[in-house]
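# Coordinate analysis (summary)
For reference, the chains in residue letters:
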Amino acid sequence: MAASCLPCTWLPAFELDHALEPLLLLSSNRRMKLISPSSCNNSNITRFAIRKRRQSHANQAAAYSASDAVSAKSEKVAPEVKRRVVVTGLGAVTPLGDDAHLFYTKLLEGVSGISQIEGFDCSELPTRIAGEIKTLLTDGLVPPKHAKRADNYLIYALIAGKKALADAGITEQVSGELNKNRCGVLIGTAMGSMRALKDGIDAIKISYKKMSPFSVPYSMTSMASAIIAMDLEWMGPNYAISSACATSNCCILTAANHIIKGDADLMLCGGSDGVIIPEGIAGFIACNNLSRRNSDPTKASRPWDSDRDGFVMGEGAGVILLEELEHAKRRGAEIYAEFMGGSFTCDAYHKSESRLDGFGAVACVESSGLGAVACMEKALTNSGVSREDVNYINAHATSTRVGDPREFKAVMHCFGQNPELRMNSTKSMTGHLLGAAGAVEAIATVKAIQTGWIHPNINLENPDKDVDTRVLVGPKKERLDIKVAMSNSFGFGGHNSSILFAVHK
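Let me begin by describing the structure that accompanies this report. (Residues numbered from 1 in each chain as written. Predicted model: local features only at pLDDT ≥ 70, side-chain atom pairs only at ≥ 80, totals over all residues. Heavy atoms only, no water.)

### Concerning the sheet that holds strand S8 (residues 337-346)
If you trace the 10 strands from one edge of the open sheet to the other, you get S5-S4-S6-S7-S1-S8-S14-S13-S9-S10, paired in mixed fashion. Pairing within the sheet leaves two strands with one partner each, and these edge strands are strand S5 (238-239) and strand S10 (422-424). Relative to strand S14 (residues 495-502), strand S13 (residues 484-491) runs antiparallel, the two sharing eight bridges. Pairing of Asn488 across the sheet is with Ser498, part of S14. (Pairing = 2+ DSSP bridges. Helix = DSSP H or I, 4+ residues; strand = E, 2+ residues; numbered from the N terminus.)

This is the structure:
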């Protein structure tokens, strides 16, 4: 038997059909030239397969046409209604406490969570202050096996996630009634477990036998989402996003999109980080980012103030429960706010600095398609929100020399024509929680909508010459009837993110 006949003789009929598919895409003449009696003794089988394939394609085309006609007709009769997303639960672990509502009360009072670092000896470091969590109760919230071995970022995420569920009224009984295939978790981290990595490196220097079996699992950025899902038996979308300080916003927006698309009805989402350890503090000192106002910790984080000298490291977690509106109504959930939408973009410019052409004063107007401006404008477009309706901005504002004025100018370019616009920075009291910052600030934003009060900017004593103090909240809390609120988070690598919330109507 000729070798050229092998494909035609030993393939089963259905495999022969697929094997011939590339040839069926050619013209008729070209096809018969490639598959001819002279090149294959089984030409009858080949021609039969080609005829059958032609007939199959014709039948499929007719079926698709009929299906499209029916779909088009049904769309005219009953247009698809977009699924709406609301916030029904809040969970926070912060330097100001581990209750989301008490946390916001302290923000309204202007309480600072910045203090001297106590977790390790930092006497030789030029920065010795942080938004450090001093004590934290884990009983009943974190399984003992994780409480003993897991990194802080993982423990913070577990506690914040459980508290968000409790706040939403998801008791064990309610949880048992949920369709767990439609419940997901998306909690990210910017830094992951630096401690687990360090412990692994120290162990391998002695012997590979000293390596802990938990070293790899606890180092994974997706482990917080995974462990929460295991505990709740939630089998919907589950993973993590890591995009530096924009992590939380990216997780929240992506989680909301899962609900809008119909992948899930409930999503726990947010971010967590805990790197107030020698390696974490020293690393950011090397980047020349941290404040060195060690003698007066509570005054160290001062966004937009001319005397700022860098950001203050914080730690913690923020988790919110997003829920499809009708699902929330059916179970009688309290609705804090509605999630309107958002956007994320990339500067594609520098590892740690934002684009000048996306933020600068004149250049900002001429090049509004770049950087944070593009992100905020895209968020408006995606959510269908008018810029005139945005009257509150919870800014990224970290207390750095370069970042604060650039973000301010970008915000003013987008929303400066709104006479009601007010802006503040939660970081003036918490420090910068890195990957957790966006979620904790989203909680502050949602609470502002719920309470009608926006928190002060503390330490804004000598405002930078590049800012308009008529827009910035002063040293005391203020009343504001929020129409739409935006929360910004920007991160190393040029990651930009903006998310929008509004009163649910």
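### Looking at a nonpolar patch on the surface
Together, Ile204, Tyr208 and Met211 make up a nonpolar patch on the protein surface, roughly 320 Å² of accessible area in all. If you trace the backbone, Met211 turns up in the loop between helix H10 (194-206) and helix H11 (215-219). Met211 sits in the partly exposed class, given a relative accessible area of 31%. (Patch = residues over 30% accessible without salt bridge, like charges linked within 9 Å, V, L, I, M, F, W, Y side chains within 5 Å. Areas by Shrake-Rupley, 256 points an atom, 1.4 Å probe, with all protein chains shown as cover. Salt bridge = Lys/Arg side-chain N within 4 Å of Asp/Glu carboxyl O. Buried < 20%, exposed > 50% of the residue type's maximum accessible area, 1.4 Å probe, protein only.)

### Some thoughts on the packing of aromatic side chains
Counted according to the given criterion, the structure contains four aromatic pairs. Judged by centre distance (5.7 Å) and plane angle (75 degrees), the ring pair of Phe284 and Phe311 falls under edge-to-face. Taken together, the residues span a long stretch of sequence, with Phe284 in helix H14 (residues 278-286) and Phe311 in the loop between H14 and strand S7 (316-324) at a distance of 27 residues. Note on accessibility: Phe284 and Phe311 belong to one class, buried. Seen from their ring centres, Phe339 and Phe501 are 5.4 Å apart, and the 75 degrees between their planes marks the pair as edge-to-face. With Phe339 in strand S8 and Phe501 in strand S14, this residue pair connects regions lying 162 residues apart in the sequence. Pair check on accessibility: Phe339 and Phe501 agree, each one buried. Among the aromatic residues, those joined into a cluster by ring pairs are Phe284, Phe311 and Phe492. The side chain of Lys477 reaches across the aromatic face of Trp453, ending 4.5 Å from its centre. (Phe/Tyr/Trp six-rings, centres within 6.5 Å; stacked < 30°, edge-to-face > 60°. Lys NZ or Arg CZ within 6 Å of the ring centre and 35° of its normal.)

### Quick word on the pairing of S7
With nine of nine residues buried, S7 is to be regarded as a mostly interior element. A two-sided burial pattern is seen for S7, the buried positions comprising Gly316, Gly318, Ile320, Leu322 and Glu324 on one face and Ala317, Val319, Leu321 and Glu323 on the other. Where strand S1 (residues 85-93) and S7 come together, eight bridges link them in antiparallel fashion. Within S7, the position partnered with Leu90 by the bridge is Ile320.

### Quick notes on unusual backbone geometry
One can expect most non-glycine residues to show negative phi and most peptide bonds to be in trans. Of note in this structure, Glu233 is not a glycine but carries a positive phi near 60 degrees. Within the fold, Glu233 resides in the loop between helix H12 (223-232) and S5. Of note in the backbone geometry, Asn288 takes a positive phi value of approximately 60 degrees without being a glycine. With relative accessibility at 64%, the residue Asn288 sits in the exposed group.

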